[in-house]
Amino acid sequence: MYIYKLGSIKDKKAALKALGVESGGVGIMAKKMELMYFFIKDIKTPAANILKQDALSIGADLAVPGGVILCEKPLYDCMLIGTRKHMEILSKKELVQPFGLKAVANALKKFLAVKSSPIQIMGVINANDDSFFEGSRFQKEDAVSQIKQMIAKGADIIDIGAVSSRPGAASVSGSVELGRIRPICDAIASVKLYEKATFSIDSYTPSVVEYALKSGFTLINDITGASDEAIIELAVKYDAKLCIMHMKGTPTTMQKNPAYEDVMVEVSEFFEERIAKCEALGMERKNIILDVGIGFGKTLEHNITLIKNMGHFKVFGCEVLVGASRKSMINKIIPTPVEERLAGTLAIHLKAVENGASIVRCHDVMEHVQALAVYEAMQ
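Presented here is a report on the structure given in the accompanying data block. Bear in mind the structure is a predicted one, so any value in this text is a computation, not a measurement.

## Overview of the side chain of Ser-268
So, point 1. You can see Ser-268 is positioned in helix H10 (residues 263-280).
So, point 2. Judged by relative accessible area, which is 8%, Ser-268 ranks as buried.
So, point 3. Sequence-distant contacts of Ser-268, defined by excluding residues within four places in its chain, comprise His-312, Phe-313 and Phe-316.

## A closer look at the sheet that holds strand S1 (residues 35-44)
So, point 1. The antiparallel open sheet is built from three strands, whose spatial order is S1-S3-S2. This sheet does not close on itself; its edge strands, each paired only once, are S1 and strand S2 (61-63). Going across the sheet, the axis of each strand differs from the next one's by a mean of 25°, ignoring polarity.
So, point 2. Sheet analysis places S1 next to strand S3 (residues 75-83), joined by eight bridges and oriented antiparallel. Counted as the bridge partner of Ile-43 is Tyr-76 from S3.

## As for the nonpolar core
So, point 1. Judged by nonpolar contacts, the single largest core of 71 residues is most densely connected at Ile-147, Ile-158, Ile-160, Phe-199, Leu-242 and Phe-271.
So, point 2. Ignoring anything within four residues of it in the chain, the contact list for Ile-160 reads Ile-125, Ile-147, Ile-181, Ile-184, Ile-188, Phe-199, Ser-200, Ile-201, Asp-202 and Phe-217.
So, point 3. Listed in part, the 20 residues of the second largest apolar core include Leu-51, Leu-62, Met-87 and Leu-112.

## Let's talk about the environment of Leu-193
So, point 1. With respect to the helices and strands, the residue Leu-193 is situated in the loop between helix H7 (174-190) and strand S6 (198-202).
So, point 2. Between the C-alpha atom of Leu-193 and that of Ala-276, which follows or precedes it by 83 residues, the distance is 33 Å.
So, point 3. Dropping the residues within four chain positions of it, Leu-193 is found in contact with Val-144, Ile-147, Lys-148, Ile-151, Ile-188 and Phe-199.

## Side note on the pattern of salt bridges
For side chains bearing opposite charge, pairing can occur when the charged atoms are close.
So, point 1. For the structure on display, the rule yields 15 salt bridges.
So, point 2. In this structure, the salt-bridge partner of Arg-361 is Asp-202, at a minimum N-O distance of 3.3 Å. Of the two residues, Arg-361 is situated in strand S11 (residues 359-362) and Asp-202 in strand S6; the sequence distance between them amounts to 159 residues.
So, point 3. Here Asp-202 falls in the buried class, since its relative accessible area comes to 13%.
So, point 4. Of the charged contacts, one joins Arg-326 and Asp-364 as a salt bridge, the two residues approaching to 3.1 Å between their closest N and O atoms. Taken together, the positions of Arg-326 in the loop between strand S10 (319-322) and helix H12 (328-333) and Asp-364 in the loop between S11 and helix H14 (365-377) put the pair 38 residues apart, joining distant regions of the chain.

## Overview of the sheet that holds S11
So, point 1. Overall, parallel pairing links the eight strands, which are arranged S4-S5-S6-S7-S8-S9-S10-S11 in a closed barrel. In this sheet, neighbouring strand axes are inclined to one another by 25° on average, regardless of whether the strands run parallel or antiparallel.
So, point 2. Each of strand S5 (157-161) and S6 is contacted by H7, which is oriented at about 150° to S5, the strand it contacts most.
So, point 3. Docked against the sheet, H10 engages strand S8 (241-245) and strand S9 (288-291), running at close to 150° with respect to S8.

## Focus on a positive patch on the surface
So, point 1. There is a patch of like positive charges on the surface, built from Lys-32, Lys-85, Lys-92, Lys-102 and Lys-109.
So, point 2. Elements with a contribution of two residues or more to the positive patch: helix H4 (84-93) and helix H5 (101-112).
So, point 3. Tracing the chain through its elements places Lys-85 in helix H4.
So, point 4. For Lys-85, a relative accessible area of 33% corresponds to the partly exposed category.

## Brief notes about the packing of H4 against H5
So, point 1. Their axes nearest at 8 Å, the elements H4 and H5 cross at an angle of 140°. When the axis of H4 is compared with that of H5, the two are oblique. Handedness of the crossing formed by H4 with H5: left-handed. Contacts between H4 and H5 involve Arg-84, Met-87, Glu-88, Leu-90 and Ser-91 on the former and, on the latter, Ala-105, Leu-108, Lys-109 and Leu-112.
So, point 2. Considering only residue class, the contact of H4 with H5 consists of five nonpolar, one polar and three charged.

## Things to note about unusual backbone geometry
So, point 1. One non-glycine residue, Lys-192, adopts positive backbone phi at about 55°.
So, point 2. Note that Lys-192 resides in the loop between H7 and S6.
So, point 3. A residue is classified by how much of its surface remains accessible, and Lys-192, at 43% relative accessible area, is partly exposed.
So, point 4. Despite not being glycine, Arg-326 shows a phi value in the positive range, around 60°.
So, point 5. With a relative accessible area of 5%, Arg-326 lands in the buried category.

## Some details on the packing of helix H13 (residues 342-354) against H14
So, point 1. Closest axis-to-axis distance for the H13/H14 pair is 11 Å, and the angle between their directions is 45°. In terms of axis orientation, H13 runs oblique to H14. Considering how the two elements wind past one another, H13 and H14 form a crossing that is right-handed. For the pair H13 and H14, the contacting residues are Leu-342, Thr-345, Leu-346, His-349, Leu-350, Val-353 and Glu-354 in the first and Glu-367, His-368, Ala-371, Leu-372 and Tyr-375 in the second.
So, point 2. For the contact of H13 with H14, the residue count by class is seven nonpolar, three polar and two charged.

About the thresholds
- Positions within a chain are numbered from 1, following the residues in the order the chain's sequence is written.
- The model is predicted, so local features are restricted to residues of pLDDT at least 70 and side-chain atom pairs to those at 80 or more, both for listing and for counting; the totals for chains, interfaces and linings are taken over all residues.
- With hydrogens and water excluded, all non-hydrogen atoms of the structure serve as input to the side-chain values.
- A run of H or I in DSSP becomes a helix once it reaches four residues, and a run of E becomes a strand once it reaches two; helices and strands are each numbered from the N terminus.
- Type-normalised accessible area, obtained with a 1.4 Å probe on protein chains alone, sets the label of each residue: buried when under 20%, exposed when over 50%, and partly exposed for intermediate values.
- Here, residues are in contact when the closest pair of their heavy atoms is within 4.5 Å.
- Here, any two strands with at least 2 DSSP bridges between them count as paired.
- Angular values range over 0 to 180 degrees, each being the angle between N-to-C directions of two axes fitted as lines to C-alpha atoms, with helices fitted over their stretch in contact.
- Residues grouped as a nonpolar core are buried Ala, Val, Leu, Ile, Met, Phe, Trp, Tyr and Cys residues, joined through side-chain atoms within 4.5 Å.
- Only one rule defines a salt bridge in this text: a Lys or Arg side-chain nitrogen within 4 Å of an Asp or Glu carboxyl oxygen.
- Every patch collects residues that have over 30% relative accessible area and no salt bridge, joining them within 9 Å if they carry like charges and within 5 Å if they are nonpolar side chains (Val, Leu, Ile, Met, Phe, Trp, Tyr).
- Only the protein chains shown count as cover for residues, with accessible areas throughout obtained via the Shrake-Rupley method and a probe of 1.4 Å.
- Within this scheme the basic residues Lys and Arg register as positive and the acidic residues Asp and Glu register as negative, but His and the chain ends are omitted.
- By convention, charge coordinates are those of NZ in Lys, CZ in Arg, CG in Asp, or CD in Glu.
- Any angle that falls under 35 degrees is termed roughly parallel, while one over 145 is termed roughly antiparallel, one within 65 to 115 roughly perpendicular, and all others oblique.
- Helix crossings are classified by the rotation of the near helix relative to the far one: an anticlockwise turn of less than a right angle makes the crossing left-handed, while a clockwise turn makes it right-handed.
- Amino acids are sorted into nonpolar (Ala, Val, Leu, Ile, Met, Phe, Trp, Tyr, Cys and Pro), charged (Asp, Glu, Lys and Arg) and polar (every other residue, Gly among them).

This is the structure we're talking about:
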């Protein structure tokens, strides 16, 4: 006999079936193989004590600070630890408990119902000459050629913008933006490139967005997070998807000492509010994509926190996009010029996908196709 330790198993049911486990036991045991962690912020002290005992009674646990048992403070932050099976039990058990534990139960139910989405690669094309990465800048003829190459290399989505959103970038008039993007939109429409991939317009200017939608684009990538109702209305009118990004401030001001009490809570509450706004104007949730906005009003620590916990945002029932391609957070971890940040980009994006992202926005399509194919093979 010999025993060896197994690594992570993504498809737990497949692993159990391969072992020959009877069909009835596969579902039961798969739930016991998935360990889950939930951070609970500002839970009432009596609730924490009840949840602790309920968790222990079924083999799970609640990590609490010292002082909880003596009720030294009215509120505490805690961490709930257990398998998927444990969380299913607690999501029912806490429904009858007081002190706000019904809300905990309902939240657990939402997390347990999260579905996975197929991974898609979004290639980046910039029709302006001041984007932070020179390798993404293309004008009409070169842009069309690059788009065709990206599609041939495996891009599912092509994201085209004409205004830089790098930190400190100045604003551009709508007429200038439209003048930059129109030739590319016309070229795409003339040869029906939109039949070969999904096209995304990276803009929050209504006139630019509508021109792109009329040209066959079916996705709006809005870095202002649907702040303008006109953008939402256009998405509804043309039955387009809308990517809502979180940004603190504007590109001009966003990196001037960004601060959060809790970045996860603030970004999550932002998405809740914007999703509700979109639905009130007629959008279906299935057409909403969420982007936490890596580098948009965040420090390195904020970015890392969001990437490590990206799976949380799937609870909204929307696809989650990650876009850290060649960004400065890599330089802050290990000093590297923009042109040499591909390796760091791949490391971040693979971790984000592992943690729940399903759309990867990048400059280097071929390298991402290869890296993700290898990643998926190893799952």
